[in-house]
Amino acid sequence: MRCLALVQTIKPSSLAAETVPRFQSIILQRGRFWLLVLSLAYLCSACNASEAQSSGKEAGKKRAVPVVVATTTQKTIPIQLSATGTVEAYSTVSVKSQIGGQLTGVYFQQGQNVKKGDLLFKIDSRSLQAALMQANAAKAKDLAQVKQAQANVLKAIAQVNQAKANVVKDKAQATNADAQAQRYSSLLKQGAISKEQAEQYQTSADAQQATVNADRGGVANAQAAVAAAQADVQNAEAGVASDEAAIDNAKVQLSYSSIYAPIAGRTGSLKLTQGNLVKANAANAEDSLITISQIRPIYVNFSIPQRLLPDIKKYSANNGKLKVDALPPKDAGHPVRGELTFVDSGVNTQTGTIQLKGTFANADERLFPGQFVNVVLKLSEEPNAITVPSQAVQSGQQGQFVYVVKPDKIAEMRLITVGDTVGNETVIKQGLKPGEQVVTDGQFNLVPGAIVQVKPEVGNRGAGGQR
């Protein structure tokens, strides 16, 4: 407009006031005049374009930028670790037969849950039953021999008693005969009897003493017979003991014909069916009859970097057994609860990690051996932590920052210090206060001092747990 006013002030003078001789000069002046007009018009158009561009920029600064905001909150945040784990059976048993024979019965379905002590298989046991009967018969025979040997002992003891009685009787007679021999020897000295009579009584006394000596030998022989009879009893009893051992062995072998579940768990694929021949003590795992995996309880193996091992030790010492959550695929919203029960004794030098193991009751059997799961190990809790949605945190040349929407709807860029990230939330250690609004969507259209227009957030953002 200023340029147009300037042009309007410059007007040519009337040709009527000029003389003819100056006509050519006037023509030349008018040519210069129109050249000047054209130049001024160009300058005005450029000036107007510059003013329009400047006005556009100012209008852009004042235009409201639509953004989505969230309010900072203060709450207790769990301190936890996240990893990928593998489910492992609590125990696994390969069931094999300890005897050979024909499989006569299968009493379960493959893949079925069984209890400890449930009957699984039966093997033909007729030969084992015959061996047991034979062992029982041998025992009965040896028991009869024991009784016969015991009777012989009693008989030998009776003979010992009889021999001792004979000794007593013959000893009395020998004493009497000796007394008579001495009396008649005195009479011989007095000349009252003949020498032959005295010698006769002495001979009788000597004979009676010899009988006593013989009786004593009979006692010794009878006692030896008792000892021999007692030895026979011991031999017979040893035979009975051997028979009892044979019976026990036959019973054990017979018990092997019925195979029971050694643990509670889930059966795998059935290797043999009824009618097949079973090998005794098969060396290869492929020759096992069935595999049973105990899945209640169950283990989950996972690894963490070795730099986190001091945290595990510290929080375990303070809080006891740490809690572990296992999140099965497509069911992460309902974690399976367990506790940390194992920390390996060494760090894997190739990966720089240490193996941990959690134990889970697995009552609903949501975990299966070999399954991959996400694992969350809860170490502790951080009370009164200020949190914002993780998408609000941006990175710049000066560090991490967020855009804060002030009450007058002006955007302020504020540098922050972040802590742990739990799910979709980030802990802010410095830079924010509870209740402040931060921009979670639309940051790329913002500059410090821009006016914002808060729009509602579309959908809900889920939360998970990881560190």
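Residues numbered from 1 in each chain as written. Predicted model: local features only at pLDDT ≥ 70, side-chain atom pairs only at ≥ 80, totals over all residues. Heavy atoms only, no water.

(A) Structural view of the pairing of strand E11 (residues 336-343). Bridge count between strand E10 (residues 323-327) and E11: four bridges; the pairing is antiparallel. Looking at E11, one finds that lysine 323 is bridged to glutamate 339. Taken together, the five bridges between E11 and strand E12 (residues 353-360) define a ladder with antiparallel strand orientation. In the strand pairing of E12, phenylalanine 342 is matched with lysine 357. (Pairing = 2+ DSSP bridges. Helix = DSSP H or I, 4+ residues; strand = E, 2+ residues; numbered from the N terminus.)

(B) How the structure looks around the sheet that holds strand E6 (residues 258-260). Spatial strand order, E6-E5-E3-E8: four strands in an open sheet with antiparallel pairing. The two strands at the open ends of the sheet, each matched to only one other strand, are E6 and strand E8 (277-278). Bridge count between strand E3 (residues 101-106) and E8: two bridges; the pairing is antiparallel. Bridged to glycine 101 within E8 is valine 278.

(C) Molecular detail of the packing of aromatic side chains. Across all of its chains, the model carries three aromatic pairs by this definition. With a centroid separation of 5.3 Å and an interplanar angle of 85°, the aromatic rings of phenylalanine 108 and phenylalanine 121 are classed as edge-to-face. Linking phenylalanine 108 in the loop between E3 and strand E4 (113-114) with phenylalanine 121 in strand E5 (residues 119-123), this pair joins segments that are 13 residues apart in sequence. Residue phenylalanine 108 shares its accessibility class with phenylalanine 121, and that shared class is buried. Plain terms: the ring middles of phenylalanine 401 and tyrosine 403 are 5.7 Å apart, the flat faces sit at 90° to each other, and that makes the pair edge-to-face. Accessibility expressed as a relative area gives 10% for phenylalanine 401, which makes it buried. Classification of tyrosine 403 by relative accessible area gives buried; the value is 7%. (Phe/Tyr/Trp six-rings, centres within 6.5 Å; stacked < 30°, edge-to-face > 60°. Buried < 20%, exposed > 50% of the residue type's maximum accessible area, 1.4 Å probe, protein only.)

(D) Spotlight on helix H5 (residues 309-319). For H5, every residue scored as buried is listed here: Leu309, Asp311, Ile312 and Tyr315. Seen end-on, H5 carries its buried residues on one side only, within an arc spanning 155°. Among the exposed residues of H5, those oriented more than 90 degrees off its buried face are Pro310, Lys313, Ala317 and Asn318. In this structure, the buried residues of H5 make contact with strand E2 (73-95), strand E9 (290-305), E11, E12 and strand E13 (372-389). (Arc of directions from axis to C-beta. Contact = heavy atoms within 4.5 Å.)

(E) How the structure looks around the nonpolar core. Counting residues in each nonpolar core, the largest one holds 26 residues, and the members touching the most others are Phe302, Leu367 and Leu377. Leaving out residues up to four positions away in the same chain, phenylalanine 302 has contacts with Ala83, Thr84, Gly85, Val324, Leu340, Ile354, Gln355, Leu356, Lys357, Gly358, Val375 and Leu377. In this structure, Leu103, Leu132, Leu254 and Ala261 belong to the second largest nonpolar core, which totals 21 residues. (Core = buried A, V, L, I, M, F, W, Y, C linked by side-chain atoms within 4.5 Å.)

(F) Just the environment of glutamine 173, in detail. Among the secondary structure elements, glutamine 173 is positioned in helix H3 (residues 126-190). When the C-alpha atoms of glutamine 173 and threonine 211 are compared, they prove to be 9.5 Å apart, with 38 residues separating the residues in sequence.

(G) Structural context of the environment of proline 407. Within the fold, proline 407 resides in the loop between strand E15 (399-405) and strand E16 (411-415). Given a relative accessible area of 83%, proline 407 falls into the exposed group. Taking the C-alpha atoms as reference points, proline 407 and glutamine 437, 30 residues apart in sequence, are found 8.9 Å from one another.

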